[in-house]
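Structure assessment
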2 protein chains.
Amino acid sequence: MPNLKITLAYDGFDFHGWQVQPDLPTIQGTLSDALRRITGETILPQGSGRTDAGVHALAQVASCAIHSSIPPANLVIALNDILPPAIRVLHVEPVPPDFHARKSARAKTYQYRIYRGDICPPWLARHVYHHPYPLKEDAILAAAGQVVGEHDFTSFAAVDPEKGCEEEERSNVRAIFTSQWQRAGDELIYTVRGSGFLHHMVRNLVGTFLLVGKGTLKPDDISRILEVRNRSANPGATAPASGLYLVSVEY
Amino acid sequence: MPNLKITLAYDGFDFHGWQVQPDLPTIQGTLSDALRRITGETILPQGSGRTDAGVHALAQVASCAIHSSIPPANLVIALNDILPPAIRVLHVEPVPPDFHARKSARAKTYQYRIYRGDICPPWLARHVYHHPYPLKEDAILAAAGQVVGEHDFTSFAAVDPEKGCEEEERSNVRAIFTSQWQRAGDELIYTVRGSGFLHHMVRNLVGTFLLVGKGTLKPDDISRILEVRNRSANPGATAPASGLYLVSVEY
């Protein structure tokens with residue numbers, strides 16, 4: 001029974017997140033339905049992590065074992081024929097039996113897009129966080145590096161750990177390899193690459209960096225908040241889902 | 001009673017076109033509702049033309065007379081507070097009493113975006129026409145210029161003239177100033193600037209150019225089809241609304 005690695009992109013706006021839920025459109029559920037229509041098998045592909053409602057993916061990875069011997073290139077075409085245009089399968093490849101999209105992942109990269117112009121173009125409204133208010137962008141850029149390295153990110157994790165992306169891991173220690181803000185035209189974009197991410201971690205990091213931009217926090221406060229290991233000690237809000245993209249998963 | 005020129009952008013996907021219709025979301029109806037909430041007045045802004053369901057605008061222009069003396073800059077902010085994110089007012093300015101968004105228009109520019117890649121990114125699905133099939137793009141580029149000049153465009157007009165953008169003008173003669181296809185990354189983009197456009201004219205031009213790309217028509221056939229002045233003599237289909245953008249209106 002071949003094990004498959006499925007790489008897919010999606011616009012998360014119309015979905016209640018990755019994880020299958022009864023009677024609600026989800027990415028996992030929609031992909032599972034499409035696989036069943038093609039193969040006749042009941043298959044629940046396992047994602048590299050659960051993206052929340054409204055979060056997008058440039059290249060989410062899922063894995064599943066199937067009995068059908070349909071060639072991978074044909075499966076890409078068949079899936080894209082059935083799936084809604086908001087979900088596109090980019091690539092399917094056979095992988096060794098022990099490959100698991102979540103457990104085998106070694107690093108993930110996320111981006112967060114903030115639109116800084118006064119008026120957000122209609123075609124970007126679902127795909128960015130529109131924040132036209134004054135920000136000390138230099139302070140945000142300077143603060144970004146403070147989370148690089150291995151840290152306990154409890155202060156940046158959702159308080160509901162059972163709903164986390166990687167809830168089976170008890171520890172809240174994660175390694176961040178890259179953490180960088182940059183201006184690109186009218187957008188301020190955060191790129192973060194790490195060994196893994198707790199539930200809401202990227203959106204909470206963004207919310208906290210925004211307080212640095214507003215002057216409520218100083219760049220140094222990020223390190224202090226990390227050390228406290230308590231979400232209540234972090235005044236940063238969870239930034240909206242619309243701006244968040246899972247960019248890639250490395251194995 | 002000041003006469004106002006309102007410039008607005010919209011994502012047409014969720015709307016039943018520009019023109020107000022009972023119990024259906026339209027751009028004109030939504031804008032009219034927002035103006036009534038702000039001013040207390042019943043105002044039906046007149047557009048430069050009626051865009052069809054699913055057609056987008058980078059800068060549609062509407063005009064209306066209002067009694068309220070709200071400063072234009074404040075009206076922009078108030079309208080964008082009320083309107084859905086899919087409609088954004090870019091600019092409001094006072095204009096002379098005889099200004100009329102449609103009657104005063106001297107030229108319009110449209111663009112049509114065709115996505116040529118095998119897999120259409122989810123965030124472009126509503127905003128392009130996905131056409132991954134083989135096309136002789138050189139032939140399309142070469143044919144584009146054939147419609148430049150003053151012509152009777154009956155062969156490229158919808159057969160329902162009463163539903164046209166500019167139905168009060170009996171003549172189907174229009175002047176085309178620019179007609180150009182170009183490759184931009186994974187997209188093939190048509191730009192057309194003219195004195196005015198009949199109903200479905202740009203989408204029918206695109207559908208006919210696509211037949212040139214498929215080899216069904218030769219580039220020279222475009223001139224021949226123009227001369228016949230009969231929609232039935234044109235085998236080109238009406239290209240989907242999702243790829244069409246009203247780019248600008250000149251006065």
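Positions within a chain are numbered from 1, following the residues in the order the chain's sequence is written. Chain labels run from A onward and ligand labels from 1 onward, assigned in the order the entries are written. This being a predicted model, a pLDDT of at least 70 is required before a residue's local features are given, and a value of 80 or more before pairs of side-chain atoms are given or counted; all residues contribute to the totals for chains, interfaces and linings.

1. Observations regarding the overall build of chain A
Counting from the N terminus, the helices are the DSSP runs of H or I reaching at least four residues and the strands are the DSSP runs of E reaching at least two. What chain A contains, in helices and strands, is five helices and ten strands. The globule rule puts the C-alpha radius of gyration for 251 residues at 18 Å, and the 19 Å found for chain A is close to it. A principal-axis box enclosing the C-alpha atoms of chain A has dimensions of 55 × 40 × 30 Å. Out of the 251 residues in chain A, the part that is buried amounts to 42%. With C-alpha atoms as the basis for the radius of gyration, the globule rule is written as 2.2 Å multiplied by the number of residues raised to the power 0.38. Counting other C-beta atoms within 10 Å of each residue's C-beta, where C-beta atoms are placed from the backbone, gives the exposure class: buried for 20 or more, exposed for 12 or fewer, partly exposed between.

2. Some words on the interface of chain B and chain A
Each residue is represented by a C-beta atom placed from its backbone, and any two residues with such atoms within 7 Å are regarded as in contact. Contacts between the two partners involve 16 residues from chain B and, on the opposite side, 16 residues from chain A. Elements represented by at least two residues in the side of chain B that touches chain A include exactly strand 1 (3-10) and strand 4 (87-95) of chain B. Looking at which element gives the most residues to the side of chain B that touches chain A, the answer is strand 4 of chain B, with three residues. In terms of residue class, the side of chain B that touches chain A is built from twelve nonpolar, two polar and two charged. Nonpolar residues are Ala, Val, Leu, Ile, Met, Phe, Trp, Tyr, Cys and Pro. Charged residues are Asp, Glu, Lys and Arg, and all others, Gly as well, are polar.

3. Regarding helix 5 (residues 221-228) of chain A
The periodicity of an α-helix, 3.6 residues per turn, causes residues three or four positions apart to be oriented the same way. Residues and elements named next belong to chain A. When we look at burial in helix 5, the residues that qualify are Ile222, Ile225 and Leu226. The arc that holds every buried residue of helix 5, seen down its axis, measures 105 degrees, which confines them to one face. With respect to the buried face of helix 5, the exposed residues turned more than 90 degrees away are Ser223 and Glu227. In this structure, the buried residues of helix 5 make contact with helix 3 (137-143), strand 7 (149-152) and helix 4 (201-214). Two residues or fewer past helix 5, arginine 229 is found with a positive phi of approximately 55 degrees. Working note: the arc is built from the helix axis to C-beta atom directions.

4. Topic: the relation of the copies chain B and chain A
Least-squares fitting of chain B to chain A yields an RMSD of 0.0 Å, with the transformation described by 0.0 Å of translation along the axis and a rotation of 180 degrees. The superposition of one copy onto the other is thereby described by a two-fold rotation axis. No C-alpha of chain B approaches the rotation axis more nearly than that of Trp123(B), which lies at 4.3 Å. An overlap of 100% is found between the interface residues of chain B and their copies at the interface of chain A, pointing to a shared contact surface. Copies are brought into register by a least-squares superposition over C-alpha atoms of residues with pLDDT of at least 70 in both.

5. As for the domain arrangement of chain A
The accessible area lost on association of the parts is a frequent measure of interface size. All names here are of chain A. Taken domain by domain, chain A comprises domain 1 (3-95) and domain 2 (107-250). For domain 1 versus domain 2, the distance between C-alpha centres works out to 27 Å. The interface is formed by 16 residues belonging to domain 1 together with 13 residues belonging to domain 2. Residue composition of the side of domain 1 that touches domain 2, grouped by class: seven nonpolar, six polar and three charged. Residue ranges for the domains originate in an automatic or database domain assignment.

6. Focus on the environment of Gly49(B)
All names here are of chain B. Within the secondary structure, glycine 49 sits in the loop between strand 2 (46-47) and strand 3 (56-65). Classification of glycine 49 as buried rests on a count of 22 C-beta atoms within 10 Å. Separated by 85 residues in sequence, glycine 49 and proline 134 place their C-alpha atoms 34 Å apart.

7. Some words on the pairing of strand 9 (residues 187-194) of chain A
All names here are of chain A. What you see with strand 9 is a clean split: Leu188, Tyr190, Val192 and Gly194 sit on the buried side and Glu187, Ile189, Thr191 and Arg193 on the side with no burial. In this scheme, strands are said to pair when DSSP sees at least two bridges between them. Relative to strand 9, strand 5 (residues 107-115) runs antiparallel, the two being bridged by eight bridges. Bridging from a neighbouring strand, tyrosine 112 pairs with tyrosine 190 of strand 9. Two elements, strand 8 (residues 173-184) and strand 9, share eight bridges in a ladder whose sense is antiparallel. The residue bridging glutamine 180 from the neighbouring strand is threonine 191, located in strand 9. Linking two consecutive strands that pair antiparallel, namely strand 8 and strand 9, is a turn of two residues; a positive phi of about 60 degrees is found at glycine 185 within it.

8. A closer look at the packing of helix 1 (residues 27-39) of chain B against helix 2 (residues 72-82) of chain B
Residues and elements named next belong to chain B. Note on geometry: axes are C-alpha line fits, over the in-contact stretch for helices, and angles between N-to-C directions span 0 to 180 degrees. Interhelical geometry of helix 1 versus helix 2 gives an angle of 120 degrees and a closest axis separation of 10 Å. Put simply, helix 1 runs oblique to helix 2. Seen from above, helix 1 lies across helix 2 with right-handed handedness. For the pair helix 1 and helix 2, the contacting residues are Ala34, Arg37 and Ile38 in the first and Ala78, Leu79 and Ile82 in the second. In the contact of helix 1 with helix 2, the residues fall into five nonpolar, no polar and one charged. Any angle that falls under 35 degrees is termed roughly parallel, while one over 145 is termed roughly antiparallel, one within 65 to 115 roughly perpendicular, and all others oblique. Handedness of each helix crossing follows the sense of rotation of the near helix against the far helix: counterclockwise by less than a right angle gives left-handed, clockwise gives right-handed.

9. Some points on helix 1 of chain B
All names here are of chain B. For helix 1, with 13 residues, the first-to-last C-alpha span of 18 Å sits near the 18 Å given by 1.5 Å per residue. Taken residue by residue, helix 1 has Ile27, Gln28, Gly29, Leu31, Ala34 and Leu35 as its buried positions. Against strand 1, strand 2, strand 3, helix 2 and strand 4 lie the buried residues of helix 1. Immediately downstream of helix 1, the backbone of glycine 40 shows phi near 80 degrees, a positive value. To estimate how far a helix should reach, multiply one less than its number of residues by 1.5 Å.

10. What about unusual backbone geometry?
Positive phi, close to 65 degrees, is recorded for Asp23(A), a residue that is not glycine. By the C-beta count within 10 Å, which is 6 here, Asp23(A) ends up exposed. Although it is not a glycine, His200(B) sits at a positive phi angle of roughly 70 degrees. Mapped onto the fold, His200(B) is located in the loop between strand 9 (187-194) and helix 4 (201-214).

11. Some remarks on the environment of Arg224(B)
By secondary structure assignment, the location of Arg224(B) is in helix 5 (residues 221-228). Each C-alpha atom, one on Arg224(B) and one on Asn234(B), is 9.6 Å from the other, the two residues being ten residues apart in sequence.

12. A word on the environment of His131(A)
Residues and elements named next belong to chain A. By the secondary structure assignment, histidine 131 is in the loop between strand 6 (129-130) and helix 3. Sequence separation between histidine 131 and arginine 113 is 18 residues, and the spatial gap between their C-alpha atoms is 10.0 Å. Apart from the residues within four sequence positions on either side, histidine 131 is in contact with Ile114 and Arg116.

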